[in-house]
Amino acid sequence: MSMKKESPWDVELHLAAAHGDAKRLHILLDSGRVHVDCKDKDGTTPLILAAAGGHLEAVTELLQQGADPNAKRLTGTTALFFAAQGGFMDIANLLLEHEALVDSCSMDGGTPLFVACQYGHLDVVEGLLDKGANPNAHMKDGASALFIAAQNGHVRILEVLLEHNTRIDTIRTDGATPLWIAAQMGHDHIVRQLLKAGANVDATRHDGATPLFKAAHKGHTAVIGELLKYRPSLGILPNGESALHAAALAGHMTVVRQLVGAGADPLLVNQEGVTPLQLAVRHSQTQVANYLKDKIRTRTAAC
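All of these numbers come straight from a predicted model, not from anything done at the bench.

(A) Looking closely at the packing of helix 12 (residues 188-196) against helix 14 (residues 221-228). In the contact formed by helix 12 and helix 14, the axes pass within 8 Å of each other and the chain directions differ by 10°. Comparing their axes, helix 14 and helix 12 come out roughly parallel. Helix-helix and strand crossings are classified by hand; for helix 12 and helix 14 the assignment is right-handed. Contacts between helix 12 and helix 14 involve D188, V191, R192 and L195 from the first element and A222, V223, E226 and L227 from the second. Along the lines of polarity and charge, the residues of the contact of helix 12 with helix 14 split into five nonpolar, no polar and three charged.

(B) Molecular detail of the side chain of H187. Mapped onto the fold, H187 is located in the loop between helix 11 (178-185) and helix 12. Contacts of H187, omitting those with residues within four sequence positions, involve A150, Q151, N152, G153, A182 and V223.

(C) Region of the structure containing the side chain of S144. Among the secondary structure elements, S144 is positioned in the loop between helix 8 (122-130) and helix 9 (145-152). With a relative accessible area of 4%, S144 lands in the buried category. When sequence neighbours within four positions are dropped, the list of residues in contact with S144 reads F114, A137, H138 and T170.

(D) Region of interest: the pattern of salt bridges. Under the defined criterion, the tally for this structure stands at 11 salt bridges. Residue R24 pairs with E12 through a salt bridge whose shortest N-O separation is 2.2 Å. Highlighted residues: R24 in helix 2 (residues 22-30) and E12 in helix 1 (residues 8-18), separated in sequence by 12 residues. Overall, E12 belongs to the partly exposed group, its relative accessible area being 28%.

(E) Examining the UniProt feature "repeat: ANK" (unreviewed entry) in the protein more closely. Mapped onto this numbering, the UniProt entry gives "repeat: ANK" (unreviewed entry) at residues 42-74, 75-107, 108-140, 141-173, 174-206 and 239-271. For the annotated span residues 75-107, helix accounts for 52% and strand for 0% of the residues, and the straight-line distance between the end C-alpha atoms is 6 Å. Taken end to end, residues 239-271 is 52% helix and 0% strand, and its first and last C-alpha atoms sit 8 Å apart.

(F) Spotlight on the domain arrangement of the protein. Partitioning the protein into domains gives domain 1 (1-104), domain 2 (134-232) and domain 3 (234-302). A straight line from the C-alpha centre of domain 2 to that of domain 3 covers 25 Å. The interface is formed by 16 residues belonging to domain 2 together with 16 residues belonging to domain 3. For the pairing of domain 2 and domain 3, the buried interface totals around 1200 Å² over both sides, and the portion due to carbon and sulfur atoms is 74%. Our count for the contact surface shared by domain 2 and domain 3 stands at zero salt bridges. Where domain 2 touches domain 3, the interface holds four residue pairs in polar contact (both at pLDDT 80 or more). When residues in the side of domain 2 that touches domain 3 are grouped by element, the largest group, five residues, is from helix 13 (residues 211-218). Class assignment of the residues belonging to the side of domain 2 that touches domain 3 gives a composition of seven nonpolar, seven polar and two charged.

(G) Here's a closer look at the state of the cysteines. Summed over the entire model, instances satisfying the criterion amount to zero disulfides. In this model C105 remains outside any disulfide bridge; the closest cysteine sulfur is found in C117, 15 Å from its own. On the basis of relative accessible area, C105 is assigned to the partly exposed category, the value being 34%.

(H) Region of the structure containing the packing of aromatic side chains. Within this structure, the stated rule accounts for one aromatic pair. Look at F81 and F82: their rings are 5.6 Å apart centre to centre, the planes differ by 75°, and that puts the pair in the edge-to-face class. Per residue, the accessibility class of F81 equals that of F82, and both read buried.

(I) Quick peek at the nonpolar core. If you look at the biggest cluster of nonpolar residues, it comprises 95 residues, and the most contacted ones within it are L95, L128, L194 and L259. Apart from the residues within four sequence positions on either side, L95 is in contact with L47, A51, V59, L63, P69, A79, L80, A83 and A100.

(J) Fine view of the environment of I171. Topologically, I171 is positioned in the loop between helix 10 (155-163) and helix 11. Note: C-alpha distance between I171 and D30 (141 residues apart in sequence) is 51 Å. Not counting chain neighbours up to four residues away, the residues in contact with I171 comprise G142, A176 and T177.

(K) Here's a closer look at the environment of L56. With respect to the helices, strands and loops of the structure, L56 is situated in helix 4 (residues 56-64). Judged by its relative accessible area of 34%, L56 is partly exposed. Sequence separation between L56 and T166 is 110 residues, and the spatial gap between their C-alpha atoms is 31 Å. Residues in contact with L56, not counting those within four places in the same chain, are D90, I91 and L94.

What counts, and where the lines are drawn
Residues numbered from 1 in each chain as written. Predicted model: local features only at pLDDT ≥ 70, side-chain atom pairs only at ≥ 80, totals over all residues. Heavy atoms only, no water. Axes fitted to C-alpha atoms, helices over the stretch in contact; angles between N-to-C directions. Helix = DSSP H or I, 4+ residues; strand = E, 2+ residues; numbered from the N terminus. Parallel < 35°, antiparallel > 145°, perpendicular 65-115°, else oblique. Left-handed = near helix turned anticlockwise from the far one by under 90°. Contact = heavy atoms within 4.5 Å. Nonpolar A, V, L, I, M, F, W, Y, C, P; charged D, E, K, R; others polar. Buried < 20%, exposed > 50% of the residue type's maximum accessible area, 1.4 Å probe, protein only. Salt bridge = Lys/Arg side-chain N within 4 Å of Asp/Glu carboxyl O. UniProt positions renumbered as here; feature names shortened; annotations may be inferred. Domains from an automatic or database assignment. Buried area = accessible area lost by both parts, 1.4 Å probe. Polar contact = N/O pair within 3.5 Å; in protein donor to acceptor, adjacent residues only side chain to side chain. Disulfide = S-S within 2.5 Å. Phe/Tyr/Trp six-rings, centres within 6.5 Å; stacked < 30°, edge-to-face > 60°. Core = buried A, V, L, I, M, F, W, Y, C linked by side-chain atoms within 4.5 Å.

Written out as structure tokens, the structure reads:
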């Protein structure tokens, strides 16, 4: 990238692209006073601006004038990346017809497919996959397109990715899987689909927390209901706690009922020698404590 100061002609070309003024672009470029791929201080070209704004005519004009479809900003993002982000599949198709790289990635490893998954643009996701986008690419932090779709609750996109043989239990650098992040976010519809597709119900993040533990901590009752159908661990986890400990600490009464109903033990001792009941008492979770005491009394009487 040239570090020379932008000329007034460069600025005018960028403004015309940003506004989608195809006629002005044509006049400026035909004057010979400005280069079609002139860049601003961030490395942005007119084509990137036009694509980001959803200006099909301007994109067409720039490509006809020889604009580079694979020019990158300093962040590594291209015109196709911004077309995918905006949900402009007509522009994405045009760029791909002009040999834009479908899996060109940004500095953090994100591809056009990733950003389409993030923003929920189903038609763009389908279009990019049909054009050969890699569904199993991952960002520098290990997150996959499936992870991004799960995190943002886009169930139809998630289903499309699974139909394209996306690996289901890929992990982020912290060990989190798509199921784990969906459980944390409270996306029970995503959790349901991932479990049906064979996701590991006890996939454990590096800190020792499972999807059930995180959902219990957050109080996501609908997620808990889905996870319990697949018999997740109710015992002490690698982090030294159980899901019931997490629910008792936070005072999530409905979750406590769900877990105890599934067989969680109110007297299970964590790594510090504390039971869920004792944890509830210590943190003034009176309703939870009374419920657990009642369950313990009932169990003792039955014995």
